[in-house]
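Coordinate analysis (summary)
Listed here are the chains, written in short residue letters.
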Amino acid sequence: MPLYLIPTLLLKNASRPYEVKIKDRIFNAEELKGVDFSNTSFTSCHFAGQKLRFVNFRYSYFHNCDFSNALLNGVSFDGCIFEDSKLNWINFVDTILKNCQFKSSLLEAVTFDGNDLTTSNFQNLVLSNSFFNKCKLIKVVFDHCKLESCVFYKSDLSKANLTTSTTIGATFDESRVKGCQLNLESIIDFGLSKGFVFKVE
């Protein structure tokens, strides 16, 4: 049975995580609009370039999936896990991203706009050239992530941990960093973003 003929009720009533499993599927915008995919496991699925409107992916798992250049409107990724996936060139505006786990994935040139990412985990990611605008990143751990040329603007990184990540060229304009753990490279980048001058004597 094609996915678009699966009753939405079936997807809503998934009583345990990943009761619904979908593999090797290329989605289009029409079959995705307003669908509730809660507790669904996606493997090698393709959402790239599609307009996702009011889709609920709450507590879902994505492995080797491609969301690159997708347009999001009213989408919920609450409690989702992304592993070995591509999410390049996405604007996460009007999107719920709470309690997410991102593992070994590509998120280059991504915009996080006002997202509450507290309690989310970022592990072994490429986040280069991404923009965190007015985001909550309290206690977030960036574990072995590439954060080169990232912009953290008016974001709250209180008690966040970036000690194992690279931050060459990253800026932290008007961001809160109280209790944030940084390695030496990150401290220098933070200082340069604030206009400090470092001298070696």
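Scroll up for the structure.
Residues numbered from 1 in each chain as written. Predicted model: local features only at pLDDT ≥ 70, side-chain atom pairs only at ≥ 80, totals over all residues. Heavy atoms only, no water.

With that out of the way, let us pick up the overall build of the protein. Scanning the protein from N- to C-terminus turns up 3 helices and 15 strands. Going through the 201 residues of the protein one by one, you find that 45% of them count as buried. Accessible surface computed for the protein: about 10100 Å², of which carbon and sulfur atoms make up 52%. (Helix = DSSP H or I, 4+ residues; strand = E, 2+ residues; numbered from the N terminus. Buried < 20%, exposed > 50% of the residue type's maximum accessible area, 1.4 Å probe, protein only. Areas by Shrake-Rupley, 256 points an atom, 1.4 Å probe, with all protein chains shown as cover.)

With that settled, the discussion passes to the packing of aromatic side chains. Aromatic ring pairs are reported here in terms of the distance separating the ring centres and the angle at which the planes meet. For the structure on display, the rule yields 31 aromatic pairs. Seen in terms of ring centroids, Phe62 and Phe67 are 5.2 Å apart; in terms of plane orientation they differ by 80°. Their pairing is edge-to-face. The pair Phe62 / Phe67 is uniform in exposure class, with both members buried. Their ring planes at 10° and their centres at 4.9 Å tell us that Phe62 and Phe82 sit as a pair that is stacked. On the criterion of sequence distance, the pair formed by Phe62 in strand 4 (residues 61-63) and Phe82 in strand 7 (residues 81-83) is long-range, its members being 20 residues apart. The exposure classification of Phe62 matches that of Phe82, with both residues buried. The aromatic ring of Phe27 is capped on one face by Arg25, whose charged end is 5.9 Å from the ring centroid. (Phe/Tyr/Trp six-rings, centres within 6.5 Å; stacked < 30°, edge-to-face > 60°. Lys NZ or Arg CZ within 6 Å of the ring centre and 35° of its normal.)

Our next topic: the sheet that holds strand 11 (residues 111-113). Strand order in the open sheet made by the 4 strands is 8-11-13-15, with parallel pairing throughout. Each edge of the open sheet carries a strand with a single partner, namely strand 8 (91-92) and strand 15 (151-153). Summarising the sheet, strand 11 and strand 13 (residues 131-133) pair through 3 bridges and their orientation is parallel. Residue pairing for strand 13: Phe112 is matched across the bridge by Phe132. (Pairing = 2+ DSSP bridges.)

Attention shifts here to the sheet that holds strand 4. One open sheet accounts for 7 strands, arranged 1-2-4-7-10-12-14; its pairing is parallel. The sheet terminates laterally at strand 1 (20-23) and strand 14 (141-143), the two strands that pair on one side only. Shown here is a sheet whose adjacent strand axes are inclined to one another by a mean of 10°, direction ignored. (Axes fitted to C-alpha atoms, helices over the stretch in contact; angles between N-to-C directions.)

Turning our attention to a positive patch on the surface. Judged by side-chain charge, Lys139, Lys159, Arg176 and Lys178 come together as a positively charged surface patch. Relative to the helices and strands, Arg176 resides in the loop between strand 15 and helix 3 (184-193). (Patch = residues over 30% accessible without salt bridge, like charges linked within 9 Å, V, L, I, M, F, W, Y side chains within 5 Å. Salt bridge = Lys/Arg side-chain N within 4 Å of Asp/Glu carboxyl O. Lys, Arg positive; Asp, Glu negative; His and termini not counted. Charge placed at Lys NZ, Arg CZ, Asp CG, Glu CD.)

Further remarks concern the pairing of strand 2 (residues 40-43). Two strands pair when backbone bridges link them, and strand 1 and strand 2 are joined in this way by 4 bridges, in the parallel orientation. When the sheet's bridge partners are listed, Ile22 is paired in strand 2 with Phe42. Of the pairings in the sheet, the one linking strand 2 to strand 4 comprises 3 bridges and is parallel in character. For Phe42, the partnering residue across the bridge sits in strand 4 and is Phe62.

As a further point, take the pattern of salt bridges. Counted by the stated rule, this structure contains 3 salt bridges. The salt bridge involving Lys154 is made with Glu174; its shortest N-O contact spans 3.9 Å. Of this pair, Lys154 sits in the loop between strand 15 and helix 3 while Glu174 is found in the loop between strand 15 and helix 3, placing the two residues 20 residues apart along the sequence. Taking relative accessible area as the criterion, Lys154 reaches 36% and is therefore assigned partly exposed. Assessed through its relative accessible area of 53%, Glu174 is described here as exposed.

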